[in-house]
Amino acid sequence: VIMVPEDIMNACFMEQEGDYELIRKWIRLTVMPQLLGADFPLFMKNGCFSNKFDFDKSCKLEAYDEEAITRNFVNLQNTSLLFGTGGNMEVVFREFIQPPKGTRTIYNGMPFRPEMRVFYDFDKHSYCYAVNYWDWDYCHERIAEDAHDKEVYEATYTELKELYEYRKSYFMPRILSALRRVRSLKGVWSVDFILDEHRAWFIDAAIGERSAYWDNDWLEKGLS
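Sequence order sets the numbering: in each chain, residues are counted from 1 along the sequence as written. Selection of residues for local features in this predicted model requires a pLDDT of at least 70, selection of side-chain atom pairs for listing and counting requires 80 or more, and totals for whole chains, interfaces and linings are taken over all residues. Values reported for side chains reflect all heavy atoms of the structure, with hydrogen atoms and water molecules removed beforehand.

Chemist: Got a sec to walk through the pairing of strand β8 (residues 126-132)? Specific residues and values, please.
Modeler: The rule is simple: take the accessible area with a 1.4 Å probe, protein chains only, and divide by the maximum for that residue type; under 20% is buried, over 50% is exposed, in between is partly exposed. Put simply, DSSP marks the helices as runs of H or I at least four residues long and the strands as runs of E at least two long, and each gets a number from the N terminus on. Summarising burial for β8: five of the seven residues are buried, a large majority. We treat two strands as partners when DSSP finds at least two bridges between them. In textbook terms, the turn of a hairpin is the stretch between consecutive antiparallel strands, and for strand β7 (residues 115-121) and β8 this stretch comprises four residues, one of which, His125, has a positive phi near 50 degrees.

Here's what the structure looks like:
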């Protein structure tokens, strides 16, 4: 996690001549030294937003590349500022989790694979409920706006849902055991995982009521 100075954040509006070079210089002097030795693909987001709908031009980075990081950072932050998502004072890097061979993609390069969102109450240390991140009723209409994404989603959804159900059952006891050991969070949060064949990867977390799939009725009933 790297803090973004206010002048660099403002330059991401790209309104002044020289803004891009100012950002590139900051990337070179501040960001690149902290990524030294990252010889694997990276995933980049800001404090609240990843712009995953333009995956290859915002989130995904092929390792240690100053120009690519600058270009994707500007695209990510500019879109975030446009939509007022917040999180612009931080940039976050993590290792990109490689998908299995043959995994198809949506959103301009994002692997379409089983993901789960768990809602967990860290005050009571109790499980609330979990959802398939790619739920048909929630996602299909938006994804189907792009012809390629629609074809991939509809062709792959049934298999992905089956994998989700099986892996959810397999990994949930270990996920809940890990969440019970977290003492630094308060209230209900959404906690996201990629469900690979042999491992559940923790990839993101957010305050529950600000997250997709937040449902007061569901929460009050205690359904899972």
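Read on for the rest.
Chemist: Break down a nonpolar patch on the surface for me, citing the residues and quoting the values.
Modeler: On the surface, a cluster of nonpolar side chains totalling about 320 Å² of accessible area is made up of Val1, Met3 and Met89. Mapping Met89 onto the fold places it in the loop between α4 (66-83) and β4 (90-95). To count toward a patch, a residue needs a relative accessible area over 30% and no salt bridge; like charges are then connected within 9 Å, while nonpolar side chains (Val, Leu, Ile, Met, Phe, Trp, Tyr) are connected within 5 Å. To measure how exposed things are, a 1.4 Å probe is used in the Shrake-Rupley method; for residues, cover is taken only from the protein chains shown. Here, a salt bridge means any side-chain nitrogen of Lys or Arg that lies within 4 Å of a carboxyl oxygen of Asp or Glu.

Chemist: Talk me through the sheet that holds strand β9 (residues 188-195); I want residue IDs and the actual numbers.
Modeler: Spatial ordering of the open sheet is given by β8-β7-β9-β10, a layout of four strands whose pairing is antiparallel. Each end of this open sheet is capped by a strand with a single partner; those strands are β8 and β10 (200-207). For this sheet the average axis-to-axis angle between neighbouring strands, irrespective of direction, equals 25 degrees. Contacts from helix α6 (residues 147-180) reach β7, β8, β9 and β10, with the element oriented near 160 degrees to β8. Axes here mean lines fitted to C-alpha atoms, for a helix over just the part in contact, with angles spanning 0 to 180 degrees between N-to-C directions. Only heavy atoms enter the contact rule, under which two residues are in contact if any of them lie within 4.5 Å.

Chemist: Tell me about the packing of aromatic side chains, and please be specific about residues and values.
Modeler: Centre distance within 6.5 Å is the pairing criterion for rings of Phe, Tyr and Trp, where only the six-membered ring of Trp is used; planes under 30 degrees apart are then read as stacked, over 60 as edge-to-face, and the remainder as tilted. Enumeration over the complete set of coordinates arrives at 18 aromatic pairs. Centre to centre, the rings of Tyr107 and Trp134 are 6.1 Å apart; their planes meet at 55 degrees, and the pair counts as tilted. You can see Tyr107 sitting in the loop between β5 (105-106) and β6 (110-111) and its partner Trp134 sitting in the loop between β8 and α5 (136-143), a full 27 residues away along the chain. Trp134 shares its class with Tyr107; the two are buried. Seen in terms of ring centroids, Phe119 and Tyr129 are 4.6 Å apart; in terms of plane orientation they differ by 25 degrees. Their pairing is stacked. Of the two residues, Phe119 is situated in strand β7 and Tyr129 in strand β8; the sequence distance between them amounts to ten residues. Each member of the pair, Phe119 together with Tyr129, is buried. Connected via pairs of aromatic rings, a cluster forms that spans Phe53, Tyr107, Phe112, Tyr133, Trp134, Trp136, Tyr138, Tyr153, Tyr157 and Tyr213. When the NZ atom of lysine or the CZ atom of arginine is within 6 Å of a ring's centre and also within 35 degrees of its normal, the charge is said to sit over that ring. The positively charged end of Lys60 is found above the aromatic ring belonging to Phe96, 4.3 Å away from the centroid. Directly above the ring of Phe53 sits Arg142, whose terminal nitrogen or CZ lies 4.3 Å from the centroid.

Chemist: Got a sec to walk through the packing of helix α2 (residues 19-34) against α4? Specific residues and values, please.
Modeler: Axis separation between α2 and α4 bottoms out at 10 Å; the angle between their running directions is 120 degrees. In terms of their interaxial angle, α2 and α4 are classed as oblique. Where α2 crosses over α4, the handedness of that crossing is right-handed. Along the contact surface, α2 presents Tyr20, Ile23, Arg24, Trp26, Ile27, Arg28 and Met32, while α4 presents Glu66, Glu67, Ile69, Thr70, Arg71, Phe73 and Val74. Classification convention: Asp, Glu, Lys, Arg as charged; Ala, Val, Leu, Ile, Met, Phe, Trp, Tyr, Cys, Pro as nonpolar; all other residues, Gly among them, as polar. Among the residues forming the contact of α2 with α4, the class breakdown is eight nonpolar, one polar and five charged. Orientation labels follow simple angle bins: below 35 degrees gives roughly parallel, above 145 gives roughly antiparallel, 65 to 115 gives roughly perpendicular, and whatever is left gives oblique. What makes a crossing left-handed is the near helix being turned counterclockwise from the far one by less than a right angle; a clockwise turn instead makes it right-handed.

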